[in-house]
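So the chains spell out like this:
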Amino acid sequence: MKKIIIQYYKTPVGEMILGSYGDKLCLSDWRYRKMRTSIDKRVTSILGAEYEEGTSEVIEITKTQLDEYFKGERKKFDIPLLIAGTDFQKKVWGALIKVPYGKTETYLGLAKKIGNEKAVRAVAAANGANAISIIIPCHRIIGSDGSLTGYAGGLNTKKKLLSMESPAKFL
């Protein structure tokens with residue numbers, strides 16, 4: 001069976017699981033999230049592969065870039081991604097990756113960006129199913145009223161990430 005190489009990685013805000021398939025990153029997610037089992041099942045099923053602990057060049061590059069991000073030295077990532085999801089999820093994540101560092105967007109705003117403002121709940125569900133956290137910045141999506149809504153890494157982690165990116169807004 002094909003392998004997804006995984007490695008656990010401690011960040012200043014929580015532990016992540018990084019995964020590479022071939023020479024692309026397919027996983028950068030919170031290790032202890034509620035949807036861990038379903039996310040892992042989706043990724044392994046779509047890729048027809050199983051997890052095996054180890055390292056790879058793309059995992060090492062990802063760790064370096066995440067370290068730079070957490071030090072405030074990196075605002076954009078340039079890691080080759082392999083996104084495992086439905087066509088709709090990929091469309092949402094494609095719009096999500098365009099939300100710039102230090103900015104936020106609402107679920108409604110994201111739904112409008114993909115051309116379907118009636119799909120707010122589906123956009124929220126796709127956002128929650130994102131398996132490449134931080135790099136595909138689902139933490140930058142907030143409620144229409146400006147409230148911090150659900151996040152796989154926890155609301156405290158979401159607040160820390162947003163505060164780090166835009167201290168004036170989220171302290």
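The rules behind these values
- Residues numbered from 1 in each chain as written.
- Predicted model: local features only at pLDDT ≥ 70, side-chain atom pairs only at ≥ 80, totals over all residues.
- Heavy atoms only, no water.
- Salt bridge = Lys/Arg side-chain N within 4 Å of Asp/Glu carboxyl O.
- Buried < 20%, exposed > 50% of the residue type's maximum accessible area, 1.4 Å probe, protein only.
- Helix = DSSP H or I, 4+ residues; strand = E, 2+ residues; numbered from the N terminus.
- Polar contact = N/O pair within 3.5 Å; in protein donor to acceptor, adjacent residues only side chain to side chain.
- Axes fitted to C-alpha atoms, helices over the stretch in contact; angles between N-to-C directions.
- Parallel < 35°, antiparallel > 145°, perpendicular 65-115°, else oblique.
- Contact = heavy atoms within 4.5 Å.
- 1 Å grid on protein atoms, 1.4 Å probe; cavity = no way out; pocket = protein on both sides within 12 Å on 5 of 7 lines; lining within 4 Å.
- Points joined across faces, edges and corners; volume = space filled by probe spheres on them.
- Nonpolar A, V, L, I, M, F, W, Y, C, P; charged D, E, K, R; others polar.
- Core = buried A, V, L, I, M, F, W, Y, C linked by side-chain atoms within 4.5 Å.
- Phe/Tyr/Trp six-rings, centres within 6.5 Å; stacked < 30°, edge-to-face > 60°.
- Lys NZ or Arg CZ within 6 Å of the ring centre and 35° of its normal.

Caption draft 1: Summary view of the pattern of salt bridges. A complete count under the given rule lists 12 salt bridges for this structure. For the salt bridge of Arg 36 with Asp 29, the shortest nitrogen-to-oxygen distance reads 3.2 Å. In terms of burial, Arg 36 and Asp 29 fall into one category: buried. Put simply, Asp 29, Arg 33, Arg 36 and Asp 40 are held in one network by salt bridges that share partners.

Caption draft 2: Structural detail: the environment of Asp 78. Here Asp 78 is to be found in the loop between helix H2 (57–70) and helix H3 (87–96). Residue class for Asp 78 comes out exposed when judged on its relative accessible area of 56%. Among the polar contacts made by the side chain of Asp 78, one reaches the side chain of Gln 65 at a distance of 2.4 Å.

Caption draft 3: Inspection of the packing of H3 against helix H5 (residues 120–128) at higher detail. At their nearest, the axes of H3 and H5 sit 9 Å apart, and the two run at 80 degrees to each other. Here H3 lies roughly perpendicular to H5, going by the angle between them. Residues Phe 88, Gln 89, Val 92, Trp 93 and Leu 96 of H3 lie in contact with H5, whose contacting residues are Ala 122, Val 123, Ala 126 and Asn 127.

Caption draft 4: Region of the structure containing the layout of surface pockets. By volume, the largest pocket amounts to about 270 Å³. Considering the residues around the largest pocket, the lining is formed by 13 residues, among which Arg 33, Gly 128, Gly 150, Tyr 151 and Ala 152 are closest to the centre. Broken down by element, the residue count for the lining of the largest pocket peaks at three residues, all from H5. The class makeup of the residues in the lining of the largest pocket is six nonpolar, five polar and two charged.

Caption draft 5: Summary view of the side chain of Arg 74. Residue placement: Arg 74 occurs in the loop between H2 and H3. The class for Arg 74 is buried, based on a relative accessible area of 18%. Within the local environment of Arg 74, its side chain forms a polar contact with the backbone oxygen of Lys 76, the two atoms lying 2.8 Å apart. Aside from chain neighbours lying at most four places away, what touches Arg 74 is Gln 65, Glu 68, Tyr 69 and Tyr 101.

Caption draft 6: The nonpolar core, seen in detail. Grouped together as the largest cluster of nonpolar side chains are 48 residues, with contacts concentrated most on Ile 4, Val 43, Leu 66, Phe 70, Ile 134 and Leu 161. Contributions of two or more residues to this core are made by strand S1 (2–11), strand S2 (14–21), strand S3 (24–30), helix H1 (36–47), H2, H3, helix H4 (107–113) and H5. When residues of this core are assigned to their parent elements, the largest contribution, five residues, is made by H2.

Caption draft 7: Representation of empty space enclosed by the protein. Inspection of the entire model under this criterion finds one cavity of 30 Å³ or more. Roughly 40 Å³ of volume is contained in the largest cavity. Along the lines of polarity and charge, the residues of the lining of the largest cavity split into eight nonpolar, one polar and one charged.

Caption draft 8: Structural context of the packing of aromatic side chains. This structure, assessed with the given rule, holds four aromatic pairs. When the ring of Trp 30 is compared with that of Tyr 151, the centres are 6.1 Å apart and the planes differ by 70 degrees; the resulting orientation is edge-to-face. With Trp 30 in strand S3 and Tyr 151 in the loop between strand S6 (141–142) and helix H6 (155–165), the pair connects residues that are 121 residues apart, well separated along the chain. Plain terms: the ring middles of Tyr 69 and Phe 77 are 5.6 Å apart, the flat faces sit at 40 degrees to each other, and that makes the pair tilted. Look at Tyr 69 and you get buried, because its relative accessible area is 0%. By way of ring pairs, the aromatic residues Tyr 69, Phe 70, Phe 77 and Tyr 101 are connected into one cluster. Taking the ring centre of Tyr 8 as reference, the NZ or CZ of Arg 31 above it sits at 3.5 Å.

Distances and angles like these do not, on their own, reveal function.
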